[in-house]
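# Architecture at a glance
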Amino acid sequence: MAWSTRATRTVYENRWIHVREDEVTGPHGDGIYGVVRMQHPAVFVIALDEADRVCLIELDRYTTGRSIEVPAGGSDGEDPLAAAQRELLEETGITASEWQSLGRMNALNGIADAPEHVFLARGLTVADAAASQREEGIDAVRWVPFADALRLMADGEITDGETIAALAFAGIRLGRFR
C-alpha cells in the first residue's frame, strides 16, 4: 500500500531544517507522521593521504556529546562538490587535487528527508585552519590508518552513522571489504 498525505503543516523552520507534521494514511491506517527536511543536502569527505590514513575530526555535539567524524557539513545550496571542498578546508585546513564522488545516501530516512553526498579526496595539501576549526567547534584533527578507522567503528568509538556509512562507501570503492 502506498502512503497518502491528507494534510500537512509546518511546525518549525530555520535556515537548516524544516519540520512538518503530516496527516497520513499508510499500511497501518491513519496517523500523524513528523518529517524533518534538511534545507540543503549534506556532504561527507573521506580525505585519504598517501600513507592510507583517513582524516578524522573530534568535536562535541550538542545532541550526542563527544564524536569522531569525517569532515562534513551542509551544502548551503552550493554544488555538492564545491561544498565538500569548502567543508574539508574549513574543518581541517586541507585542500585536495583529486576528487571522486563515492555516492549518495539518506540520513534517518524513516523520519527525515536528508540527502547526503560522499566524496573521496586525494592529493592532499595541508594548510593552517586553526581559526576556522575553532569556529566549527573542532577540538582535534586526527590522521588514522584506514584499517584503524574501521576498528574504531567496530569498537564503538566512531558512532556517527553518516561517518560509518561514508567510510563504508570508501571501503567498498577502495576494495577493502573483499
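The following refers to the structure shown. (Residues numbered from 1 in each chain as written. Predicted model: local features only at pLDDT ≥ 70, side-chain atom pairs only at ≥ 80, totals over all residues. Heavy atoms only, no water.)

## Digging into the pattern of salt bridges
- Evaluation of the coordinates by the stated rule reveals 16 salt bridges.
- When the shortest N-O distance is used, the salt bridge between Arg 9 and Glu 21 registers 3.4 Å. Residue Arg 9 is located in strand S1 (residues 4-13), and its partner Glu 21 is located in strand S2 (residues 17-26); the two are separated by 12 residues in the primary sequence.
- One connected set of salt bridges, linked through shared partners, spans Asp 76, Glu 78, Arg 86, Glu 87 and Glu 90. (Salt bridge = Lys/Arg side-chain N within 4 Å of Asp/Glu carboxyl O. Helix = DSSP H or I, 4+ residues; strand = E, 2+ residues; numbered from the N terminus.)

## Looking at unusual backbone geometry
- We note that Asp 52 has phi near 65°; this positive angle belongs to a residue other than glycine.
- Even without glycine at this site, Leu 108 takes up a positive phi of about 45°.
- When you line up the elements, Leu 108 lands in the loop between strand S8 (94-106) and strand S9 (112-113).
- In this structure Leu 108 comes out as exposed when scored by relative accessible area, which is 61%. (Buried < 20%, exposed > 50% of the residue type's maximum accessible area, 1.4 Å probe, protein only.)

## Details of the sheet that holds strand S5 (residues 53-61)
- If you trace the 3 strands from one edge of the open sheet to the other, you get S6-S5-S11, paired in antiparallel fashion. Each end of this open sheet is capped by a strand with a single partner; those strands are strand S6 (65-69) and strand S11 (138-145). Each strand of the sheet is rotated relative to its neighbour by a mean of 20°, with strand direction disregarded.
- Relative to S11, S5 is paired through 7 bridges, and the arrangement is antiparallel. By the bridge assignment for S11, Leu 56 is matched with Arg 142.
- Against the sheet, helix H3 (residues 146-154) makes contact with S5 and S11, and its axis sits at roughly 115° relative to S11, the strand it touches most. (Pairing = 2+ DSSP bridges. Axes fitted to C-alpha atoms, helices over the stretch in contact; angles between N-to-C directions. Contact = heavy atoms within 4.5 Å.)

## Description of the layout of surface pockets
- Looking at the largest pocket, its volume works out to about 1300 Å³.
- In terms of lining, the largest pocket is formed by 42 residues, of which the most central are Met 38, Ala 42, Phe 44, Arg 61 and Glu 162.
- Elements represented by at least two residues in the lining of the largest pocket include exactly strand S3 (29-38), strand S4 (42-47), S5, S6, strand S7 (72-74), helix H1 (80-92) and helix H4 (161-173).
- With 4 residues, S5 is the largest single contributor of residues to the lining of the largest pocket.
- Broken down by class, the residue content of the lining of the largest pocket amounts to 18 nonpolar, 12 polar and 12 charged. (1 Å grid on protein atoms, 1.4 Å probe; cavity = no way out; pocket = protein on both sides within 12 Å on 5 of 7 lines; lining within 4 Å. Points joined across faces, edges and corners; volume = space filled by probe spheres on them. Nonpolar A, V, L, I, M, F, W, Y, C, P; charged D, E, K, R; others polar.)

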